[in-house]
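# A look at the structure
Listed here are the chains, written in short residue letters.
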Amino acid sequence: MVHFVGAGPGAPDLITLRGAALLKAADVVIYAGSLVNPALLDNCKEGCEIFNSAEMTLGEVLAVMERAEAEGKTTVRLHTGDPSLYGAIREQLDALREKGVGFDVTPGVSSLFGAAAALDAEFTLPGVSQSLIVTRLAGRTGVPVGEALRDLSRHGASMALFLSSGMLDKVQSELLAGGYAEDTPAALVYKATWPDEKTVRCTVGTLAASGAAAGVRKTALVLVGGFLDAPYEKSKLYDPSFTTEFRKGRA
Ligand code: SAH
């Protein structure tokens, strides 16, 4: 059996209880060494075989899983954040299904939520934005037509950009071309929840210069939108005059 597990954004205690238990019981662990905090591996059992997938091809990863399966062993495939976001898990799941190897997936705390926590931010502020766009700038991996950053920017929604902090000039020009104003709040969060976490608050118009000044190029998220710093409406849910299924409103 192969367990795909979300490691969380960095801090070792942000893996789920289920993920931690699976990791502790694993005979073989394949972790995404470029981003998963190695401190998580301290809890692996003695004799556990550990592989760093940053140095492996898909074929090599699958070969380790298949061999472990043949030996009746349990494998944990540890992905950063939540595996469903830019995790390249689908190709692994499909290959395992084809080979008849059983698997399951345990979700994790995405770095997108680690970054929001670092900024004390709420993505979905009433009167500001009720939508979060999770995307990336086209790089060596392209994005489909209709999902160009400039096109998604037309919504003015809260936005979280993965895999894009190395191209901040382009990010900035695309956000502006799409319709965010120069003074729209923005932020960079480097290594959210790690000990060396760094946050940089700026605006869309100063994004590239702020990133360069702070030396942030990789392992960072770009967050954009009024949710970072704008007047908002209080929620209806906790408004004393608002009746809900659980509480009667008072005039
Ligand atoms: N599945 C992961 C994302 C993997 S893609 C998740 O849910 O978080 C890798 C990208 O994620 C990086 O280029 C960076 O943009 C972002 N990232 C991962 N960990 C991060 C962290 N701790 N802080 C900020 N950004 C991070």
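Scroll up to find the structure this text is about.
Residues numbered from 1 in each chain as written. Predicted model: local features only at pLDDT ≥ 70, side-chain atom pairs only at ≥ 80, totals over all residues. Heavy atoms only, no water.

### Overview of the overall build of the protein
Along the protein, the regular secondary structure elements total seven helices and ten strands. C-alpha extents for the protein along the principal axes are approximately 65 × 50 × 35 Å. Counting all 251 residues of the protein, 44% fall into the buried class. Accessible area for the protein stands at about 13100 Å²; split by element, carbon and sulfur atoms hold 53% of it. (Helix = DSSP H or I, 4+ residues; strand = E, 2+ residues; numbered from the N terminus. Buried < 20%, exposed > 50% of the residue type's maximum accessible area, 1.4 Å probe, protein only. Areas by Shrake-Rupley, 256 points an atom, 1.4 Å probe, with all protein chains shown as cover.)

### Regarding the packing of helix α6 (residues 168-178) against helix α7 (residues 207-214)
Interhelical geometry of α6 versus α7 gives an angle of 160 degrees and a closest axis separation of 8 Å. Between α6 and α7, the angle is such that the two are roughly antiparallel. Seen along the crossing, α6 lies across α7 with a hand that is right-handed. The segment α6 lies against α7, with Leu168, Asp169, Val171, Gln172 and Leu175 engaging Leu207, Ala208 and Gly211. Residue composition of the contact of α6 with α7, by class: five nonpolar, two polar and one charged. (Axes fitted to C-alpha atoms, helices over the stretch in contact; angles between N-to-C directions. Parallel < 35°, antiparallel > 145°, perpendicular 65-115°, else oblique. Left-handed = near helix turned anticlockwise from the far one by under 90°. Contact = heavy atoms within 4.5 Å. Nonpolar A, V, L, I, M, F, W, Y, C, P; charged D, E, K, R; others polar.)

### Section: the sheet that holds strand β5 (residues 103-106)
Spatially, five strands are ordered β3-β2-β4-β1-β5 in an open sheet, and the strand pairing comes out parallel. Strand pairing shows two members of the sheet lacking a second neighbour, β3 (49-52) and β5, which therefore form its edges. Direction aside, neighbouring strands of the sheet carry axes that sit 15 degrees apart on average. In this structure, strand β1 (residues 2-6) lies alongside strand β4 (residues 75-79), joined through five bridges in parallel fashion. Of the residues in β4, the one forming a bridge with His3 is Val76. In the packing of helix α2 (residues 58-70) onto the sheet, the strands contacted are β1, β2 (28-31), β3 and β4, and the crossing angle to β2 comes to about 165 degrees. (Pairing = 2+ DSSP bridges.)

### With respect to the pattern of salt bridges
Enumeration according to the criterion identifies eleven salt bridges in this entry. The partner of Asp94 in a salt bridge is Arg90, and the shortest N-O contact between them spans 2.9 Å. Taken together, the residues Asp94 and Arg90, both in helix α3 (residues 90-99) and four residues apart, mark about one turn of the helix. On the accessibility criterion, Arg90 (58% relative accessible area) is exposed. Here Asp151 makes a salt bridge to Arg154, at a shortest N to O gap of 3.4 Å. Overall, Arg154 belongs to the exposed group, its relative accessible area being 53%. By sharing partners, the salt bridges in this structure join Glu49, Arg67, Glu71 and Lys73 into a single network. (Salt bridge = Lys/Arg side-chain N within 4 Å of Asp/Glu carboxyl O.)

### Re the packing of α2 against α3
Two elements in contact, α2 and α3, have axes separated by 11 Å at closest approach and are oriented at 45 degrees. The angle between α2 and α3 falls in the class oblique. For the crossing formed where α2 meets α3, the hand is right-handed. For the pair formed by α2 and α3, the contact residues are Leu58, Val61, Leu62, Met65 and Glu66 on the first element and Glu91, Gln92, Ala95, Leu96 and Lys99 on the second. For the contact of α2 with α3, the residue count by class is six nonpolar, one polar and three charged.

### Details of the side chain of Thr135
Tracing the sequence through the fold places Thr135 in strand β6 (residues 132-136). We classify Thr135 as buried; its relative accessible area is 4%. Contacts of Thr135, omitting those with residues within four sequence positions, involve Tyr86, Glu147, Leu149, Leu152, Met159, Ala160, Leu161 and Phe162.

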